[in-house]
Amino acid sequence: MSDHFLDELNESQRKAVEATEGAVMVIAGAGSGKTRVLTFRVAHLMSKGVDPFNILCLTFTNKAAREMKDRITNIIGNTEGKNIWMGTFHSIFAKILRVEGGRLGYSSNYTIYDTADSKNLIKSLVKEFNLDEKTYAASNVLSRISGAKANLISWQEYQKNEDIRNEDHSMRRPFIGQIYEAYQKRCFKASAMDFDDILFNMYILLRDHAEVLHKYQKIFKYILVDEYQDTNYAQYLIIKSLAARTENICVVGDDAQSIYGFRGANIQNILGYQKDYPDCRIFKLEQNYRSTSNIVNAANSVIANNKAQIHKVVWTKNEEGDRIRVVRTHTDQEEGLAVAHNIFETKMNLQLPNSDFAILYRTNAQSRAFEESLRRLNIPYRIYGGMSFYQRKEIKDLLAYFRLVINPDDEEALMRIINYPARGIGKTTLEKLVILSNDNNVSIWKLLENVSSLGSILNSGTKEKISAFLQTMKSFQAMLKKKDAYELAHHIAQTTGILRELRDDKTPEGVSRYENIEELLNAIKDFVENDEVKESPSGQEIPDEKTERTLDFFMQDIALLTDADDKKNNADTDRVSLMTVHAAKGLEFPFVHIVGLEENLFPSAMAIQTRNELEEERRLFYVALTRAKTRAMLSYSLSRYKWGNLQYCEPSRFIEEISPECVELPGAEPARTPKSMQTSWKPSFTAAKPDAPARKPVQPAGKLVKLKTAEKMTAGNSELSGLEPGTVVEHQRFGRGKVISIEGNNESLKATVNFENAGSKQLLLKFAKLTIIG
DNA sequence: GTGTGATATCTTTTT
DNA sequence: GATATCACAC
C-alpha cells in the first residue's frame, strides 16, 4: 500500500503522522486538522502493514468514531478499517467487560445503568436510609460518587479517607460514604454497571488480572486517544497501563478546549504528559484552516485571559472576514426572532443550505425560543442533545422489558415495569420486596421466583399477580435466543399491552409516544434485516451469523448512545443545527450564532465561584467561537424567563474580553422603562404567510444596533452604490449576471440580478459580495 | 391499589 | 414550563 495520501498534509501534520513509534503528543489548536492527523495516522500505520486488529483508537463520541472509520476507509480505499478497535472509552471497555467481566463477578449480559437509573437507585437508597431527600438530592450524591469513581476511589477508600470525610461533614452530608457502599452493592446484585463503573472496573480488571492486562497489551500495539484533554484519572491510568508494553501511544488534544472538568476530566493528564513519557515527541498544530482571521484572533484574545495553558499560537492564512457582530435584544423571545431572521436573510441572500447554520447555547433549556421562531419562519431545524430518543419514558419502559429479559436481576428495569401497564402490584408490595431483597442479599427477581415460600408476607392475591407476571417474563426469556430481535421485541410490546395502551391514547402526546415505539421497533427491524448493518447501534462489531441478531445484541450498548448517534436523524434533510456548546465540540459550521451571552448563564451561575470553574467556562466560549468558519454572531438579552419568572440580565464578561477590533458591539443601552420594553422591536412580517415570497428585509436587531454599525455595513459596500439596472456584476458563487432592478435603501438595498448560469436572484447588497464588471 | 388534581422544585454542561 | 410528589376520593 502506498502512502501517497501523506502529500495532503502540511509539514507539522505529516511529522505527527509519521512518528508512529513511541510516545507522541499532538497539541492541536482549534481547526488545525486534528481529526485529519488521527485518521491519516491510522491509515499510515495500516499502509506500513500494521494489522487493524492491533490498533486501538479511542474517541469521545460514537459519532466521532464512526466518522473516523469512514474517513479511514476512504483514504485507504478498502474496508480493512472496520477491524480497528475504534470507539468511545465507554463502548470499547464495555465490550471488553462483556468478555472478561466474569473475573470480577459480572456476567456477560450485565446491564449498563444510565444516569436516570443511577438517580432512581440513589433516591430509593436515601429513602431506605431514612435520610432527608433534600440534603441528599440524588444528583448531588451521584456526582459525588461519580467523582470518586472517576478518580478510582472505591467505597472502602472513600469511607476511610479523612479528607473526604471532612468534606462531606462540612457539607452536612456525612452519609454519602454509606450510600456509595450500598449503591455499589445494589448495582452488583442487579448485575449492573453505571458509566463510571465501566471505567472503574476496566481499571480493576487490568490491575488485578495480569493475564488480561498482557492479553490486551499484546492486542493494542498502537494506541491513539482523541480529545485527550477531556480524559479523567481512570481513563488516564487505563490507557497508561495498556500502553506500558510498547509505549506506542499517541494522544491528541487541545488544553484550550478542555470543557469536561465538571465530570472529572483532568487537565493535568495533558499538561503532565511529558512527565509520564520523558522521551515523548510533541507536535503542535497551530495553523487554523477553518475560520476567518477575525474569528481566530477573537478566540485567541479571549483564551489569553486563562492562566494554565500550553503555549501555542493559533494563526491562519484565511481571509479576514466580517467582524463578530454582537446583538442585544430585550427579551429571550426577541433574541429567538432576531437570530431566526438573521439566518433567514443570510440564507436567502447567499442562497445557502440550512445546514450551514448553527445556534449554540449554554443550556438545553434555551432551545425553546429558537425553535419557536425558526418554526415561524418555516426554517427546518434539528435539536441535538436534550431529551434523547432513548431517554423518553415510553422508550425506556419498553427497553426495561428488554433489559429484564436479558438480565432478570436488573432491578431498575424490574421496578420500572413490574406494575406498568398496571397489574396490581403496587407500592406496598414493592417496599416489602425491597426490604426482603436487602435482608437476604438476593435480587428481587429471585424473590419473585420463590414467591410461594414467602408465607404470609404477601397475600395470596398479590402472589397470584406476581406469578402471572413471572410467567410472562419467563416466556419472553425462553424466546431470547430462539426469535430474532424484532420478533421478540414486537411480541413483548404486544403481549404486555404497551402497544394497545399507547394506541388508545389519542392526545397528541399519546400519538407521539406511539410513534416513538413504532420507531424503536423499526430500528430493531433494521438491525435484524439489514445485512449491511454488521454492528450494534454504537458501531461496535457484532458476529455475522443471523442467529446472533437477537435482542441482547441490539441492547448491548444502547445505554451508551446519545441521540447524536441516531442514524435516522443524521441522514436527515437540510436543517439548522441547535445544540449546546458541549455538544458542538469537534463540529464546524459556516455561520454560528452563540446565544444567551449573559452573566450567570454563560458563564453559568454555577461556575463563577472559583477561577478554575470560570476558566472552564471561558474555554467553553472559546470552543463555541472556533466552531465558526465564516461568520460568528453573538447575542444576549436584557431579560429572560427563568423557570417561569422574568429576570434581568447583564451581558457576559466574555463579550468584553474579545479584542475590540474583532467585534461590533451594540450601542448604548436603551432606557429600561417598561414602555421601551413593550415597544421594542417587532418583526414587520410576523403576520405574513410562511411561504410569502419577497419579504421586506428586516434587520433583526436593527433598532438596537448602534447606528455606526448600519453605516459601516453600507459603507463597506459603497463601491456598489453606483449599481443601476444594466450593470454587469460578478458574484463569488453565481458568477456573472446583469442587474435587472434596484430597490430599497441604505441597509436594505436590494438588487435583482439575472445570472448567466444561476438564473434570477434577489440579493441584499449588504451581504452579497458583488464585483462590478461593467 | 388506583387515579386525579394540587404543589413545590427544579436546570449547567454528558459518556 | 415541566415534572415528581403528595393528599384525597374511589
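Before any of the text, the structure's been laid out above.
Since the structure is predicted, the reported quantities are computational estimates derived from the model, not experimental observations.

Q: Help me out: how do you make sense of the protein's contact with DNA strand C in this one?
A: Every residue close to DNA strand C is listed here: Lys123, Arg368 and Trp643. The contact in question runs from a phosphate oxygen of DNA strand C to an N or O atom on the side chain of Lys123, over 3.2 Å.

Q: I'm lost on the nonpolar core in this one. Help?
A: Here is a general trend for soluble globular proteins: nonpolar side chains tend to be buried in one another's company. Of all hydrophobic cores here, the largest spans 56 residues; its most connected members are Tyr390, Phe402, Leu448, Phe469, Leu520 and Leu551. Among residues more than four places away in sequence, those in contact with Phe402 are Ala489, Ile492, Leu520, Ile524, Leu551 and Met555. Of all hydrophobic cores here, the second largest spans 49 residues; its members include Ala23, Leu97, Tyr106 and Phe200.

Q: Got a minute to help me understand unusual backbone geometry in this structure?
A: Comment: phi is negative for the bulk of residues other than glycine, and the bulk of peptide bonds are trans. Looking along the chain, the bond that leaves Tyr420 and enters Pro421 is cis, with omega of -10°. Along the chain, Pro421 turns up in the loop between α19 (411-417) and α20 (427-440). Residue Pro603 is bonded to the preceding Phe602 through a cis peptide linkage, with omega at 15°. When you line up the elements, Pro603 lands in the loop between β13 (589-594) and α29 (611-625). The backbone phi angle of Arg172 is positive, close to 60°, even though this residue is not glycine. Looking at the element boundaries, Arg172 is found in the loop between α8 (162-170) and α9 (176-189). Residue Asn441 is not a glycine yet carries a positive backbone phi of 50°.

Q: What is the right way to look at the sheet that holds strand β11 (residues 381-383) in this model?
A: Sheet strands pair via backbone hydrogen bonds, and the direction of the pair is either parallel or antiparallel. In spatial order, the strands read β11-β12-β10-β13-β14-β9-β17; together these seven strands make up an open sheet with parallel pairing. The sheet is open, and its two edges are formed by β11 and β17 (663-664), each paired on a single side. The pairing of strand β9 (residues 324-329) with strand β14 (residues 628-637) spans five bridges and is parallel. Directly across from Val327, in β14, lies its bridge partner Ser635.

Q: Would you mind going over empty space enclosed by the protein with me for this structure?
A: If a probe the size of a water molecule is rolled over the atoms, the empty space left behind becomes visible. Under the criterion given, the structure shown has two cavities of 30 Å³ or more. Its volume calculated, the second largest cavity comes out at about 30 Å³. In terms of lining residues, the second largest cavity is bounded by Asn342, Thr346, Phe357, Phe591, Val592, His593, Arg631 and Met633. Mapped onto the lining of the second largest cavity, the elements with two or more residues apiece are α16 (332-350), β13 and β14. Residue contributions to the lining of the second largest cavity peak at three residues, all from β13. Considering only residue class, the lining of the second largest cavity consists of four nonpolar, three polar and one charged.

Conventions adopted
- Residues numbered from 1 in each chain as written.
- Chains lettered and ligands numbered in written order.
- Predicted model: local features only at pLDDT ≥ 70, side-chain atom pairs only at ≥ 80, totals over all residues.
- Heavy atoms only, no water.
- Near = heavy atom within 4 Å.
- Polar contact = N/O pair within 3.5 Å; in protein donor to acceptor, adjacent residues only side chain to side chain.
- Core = buried A, V, L, I, M, F, W, Y, C linked by side-chain atoms within 4.5 Å.
- Buried < 20%, exposed > 50% of the residue type's maximum accessible area, 1.4 Å probe, protein only.
- Contact = heavy atoms within 4.5 Å.
- Helix = DSSP H or I, 4+ residues; strand = E, 2+ residues; numbered from the N terminus.
- Pairing = 2+ DSSP bridges.
- 1 Å grid on protein atoms, 1.4 Å probe; cavity = no way out; pocket = protein on both sides within 12 Å on 5 of 7 lines; lining within 4 Å.
- Points joined across faces, edges and corners; volume = space filled by probe spheres on them.
- Nonpolar A, V, L, I, M, F, W, Y, C, P; charged D, E, K, R; others polar.

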